[in-house]
Amino acid sequence: MTALTVSAEGLSKSFAGLAAIDNLTLTVRQGELTALVGPDGAGKTTLMRLFAGLLRPDAGSLHVLGVDVARDPQQVQDRISYMPQRFGLYEDLSVQENLDLYADLHGVPMAQRRDRFARMLAMTDLARFTDRPAGKLSGGMKQKLGLACTLVRSPDLLLLDEPSVGVDPLSRRDLWQIVLQLVKDDGLSVIVSTAYMDEAERCAQVHVLHRGRILASGPPDTLRDRAGGLTFVATPLPPMPARALQARLIDAPDCIIDAVPQGGNVRFIRRPDADAARLADLIASATPRPAELEDTFMMLLRLQDDTPPTTIAMQTTAMASDGQPVIVVRDLVRRFGDFTAVASTSFQVARGEIFGLLGPNGAGKTTTFRMLCGLLPATSGHLEVAGRNLRTARAQARQRIGYVAQKFALYGNLTVRENLAFFGGAYGLSGKLLRTRITDAISEFDLDPTAVSGLLPAGYKQRLAMAVGLLHHPEILFLDEPTSGIDPLARRAFWRRITALAQGGTTIIVTTHFMEEAEYCDRIAIQDAGRMLAIGTPREVRDLSGADDMNSAFIAIVETARAGRNAA
């Protein structure tokens, strides 16, 4: 019988009377890769912190590596390594200095450091950057350095709390290669929480959490079988875009559990009791497809609460789509000293279009974004937004745009209502109009007006940021990785809102590391090293790469361009 790394029985943990972990029982086997998945607020991070001995359970028993965590948390901490969502790198220190510091903190003997550092630097491909300050690394490189610092000692158990949040597909692939290598070569026990179902597919065991309880556990193959016979793919009839068909299906919860664009088509899950005639009205034809783990995840959550997604009817003052460009970029350049972050970039975006800006960490996406929003001046080139030249009329352009930042940028010590009131005033709203807009936003985004903003779960912080960005009904909405770190359930609701906004004539510019989200866009552009590598519809970009899915297309285009630069 395989030894157990974790054994929890009747485990409970509450905060201010609210149960984060509720009478939970699970086991984790030694030498395996185990995934914790669940929606925002499911209890994944609380469970990780209990495993790490950083929290004390209110009830139940918890043994980690055979140790009673409540009785001797230090003994557990001496044998594990834990990488939280926000790992504490020292950005003023170099890569090597961060490794040295964490080795000191963990008491790694000097005799072991050379070999350990060499292995970690080789696995993370950071050996060339040992002298670079951590603050000047890309997001993906920071995550790899965080993992290397976590592993400066050889643990018996590795805990990873959403390690790939905010990193691009290339960096995510590299991180997982490292983790899988550690499990295979060292027999390391690893527990990972993740918002990516394709990551959970790679694990030996998956535990689906919801409201502090386990909904289902088992190998990915066993969990996938739960959705067997209910998964299909439909092709929209021209000229309907895939996202419009997806919205139509997701707005029919009596028949459809879930729907998402993929490869120009829409994959969906039929409810077991769906009426055949009603389905025929929604979809002309559909083809069965193999079930995926994400299908079971969505099915479990939808059927658990039986609270289907609400049909969105967004209010907007944006003008109807007329095909005319509302963003014009010509030969855009931005330099920081000798470093060129954006190099001679040109593109246009039409009114009512959803335009995706994709690229690896450090590709220049956020710099381009900040210039488009008027937050950062261009070094050279022409930049026009909402009919305003950003060199001469930046303030006027800003009045016509909304912006949702990559990181939560509202006031964490203010309530939801106070944040809405403050930013509404900053947008020039006042009196009855402001009060009406706040009331509408609270209702539309299902927010608690008295909740302290900084204490909201990630998905609700994203809702509040969206509500603030839309208060003044902008013509153009800029979204900088808005779904980073939120689960598939929250991402569906988010994109349903975006589809409704685009249908109302609002122009959407979005950056994302979820390649499935590129399928919602009318067109996408892929950048790397500040240069434009590809631009076109999702289908055109897939055809350019020769790949069937957007994730593979992205990786192929970026790696081909890098190989060309290295050979030059």
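Residues numbered from 1 in each chain as written. Predicted model: local features only at pLDDT ≥ 70, side-chain atom pairs only at ≥ 80, totals over all residues. Heavy atoms only, no water.

> I keep staring at the packing of aromatic side chains and nothing clicks. Help me out?
The description of an aromatic ring pair uses the distance of the two centres, along with the angle that the planes make with each other. For the coordinates displayed, the defined rule picks out 11 aromatic pairs. Ring centres of F494 and W495 lie 5.5 Å apart, and the angle between their planes is 90°; this geometry places the pair in the edge-to-face category. With respect to burial, F494 and W495 carry one shared label: buried. Where W495 meets Y520, the ring centres are 4.6 Å apart and the plane angle is 10°; that geometry is what we call stacked. Of the two residues, W495 sits in helix α17 (residues 488-503) while Y520 sits in the loop between β22 (507-511) and β23 (523-528), which places them 25 residues apart along the sequence. Overall, the relative accessible area of 1% leaves W495 in the buried class. Linked through ring pairs, F369, Y403 and F478 together constitute an aromatic cluster. Directly above the aromatic system of F336 lies the positively charged group of R334, at a separation of 4.5 Å from the ring centroid. (Phe/Tyr/Trp six-rings, centres within 6.5 Å; stacked < 30°, edge-to-face > 60°. Buried < 20%, exposed > 50% of the residue type's maximum accessible area, 1.4 Å probe, protein only. Helix = DSSP H or I, 4+ residues; strand = E, 2+ residues; numbered from the N terminus. Lys NZ or Arg CZ within 6 Å of the ring centre and 35° of its normal.)

> I would appreciate a short explanation of the packing of helix α6 (residues 169-186) against helix α19 (residues 550-567) in the present structure.
Any two packed helices are characterised by the angle at which their axes cross and by the distance between the axes. The interhelical angle for the contact between α6 and α19, taken along N-to-C directions, is 95°, at an axis separation of 9 Å. If you check the angle between α6 and α19, you find them roughly perpendicular. Contacts between α6 and α19 pair P169, L170, R172 and R173 from the former with N551, F554, I555, V558, E559 and R562 from the latter. The class makeup of the residues in the contact of α6 with α19 is 5 nonpolar, 1 polar and 4 charged. (Axes fitted to C-alpha atoms, helices over the stretch in contact; angles between N-to-C directions. Parallel < 35°, antiparallel > 145°, perpendicular 65-115°, else oblique. Contact = heavy atoms within 4.5 Å. Nonpolar A, V, L, I, M, F, W, Y, C, P; charged D, E, K, R; others polar.)

> Would you take a moment to explain the confidence of the model for the protein for this structure?
As a general rule, the predicted coordinates of low-pLDDT regions are not to be interpreted in detail. In the predicted model, the protein carries a mean pLDDT of 90, and 96% of its residues have values of at least 70. Note that pLDDT drops below 50 for residues 307-318; the model gives that stretch 27 contacts with residues more than four away or on any other chain. (pLDDT = per-residue confidence, 0-100.)

> Looking at this model, I keep getting lost on the pattern of salt bridges. Mind explaining?
Two side chains that carry opposite charge are able to pair once their charged atoms sit near each other. Counted under the stated rule, the structure contains 34 salt bridges. Of the charged contacts in the structure, one is a salt bridge between R491 and E517, with a shortest N-O distance of 3.9 Å. Here the residue R491 occupies a position in helix α17, and E517 occupies one in the loop between β22 and β23, the gap between them amounting to 26 residues. Its relative accessible area of 3% is what places R491 among the buried residues. Residues joined by salt bridges that share partners form a network here, namely D258, R267, E294, R491, R492, E516 and E517. (Salt bridge = Lys/Arg side-chain N within 4 Å of Asp/Glu carboxyl O.)

> Would you take a moment to explain unusual backbone geometry for this structure?
For residues besides glycine, phi is generally negative; the peptide bonds are generally trans as well. In the segment running from P238 into P239, the intervening peptide bond is cis, with an omega of 5°. With respect to the secondary-structure elements, P239 resides in the loop between β11 (231-234) and α9 (242-250). Within the chain, A386 stands out as a residue other than glycine whose phi angle is a positive 55°. The topology assignment puts A386 in the loop between β18 (380-385) and β19 (388-389).

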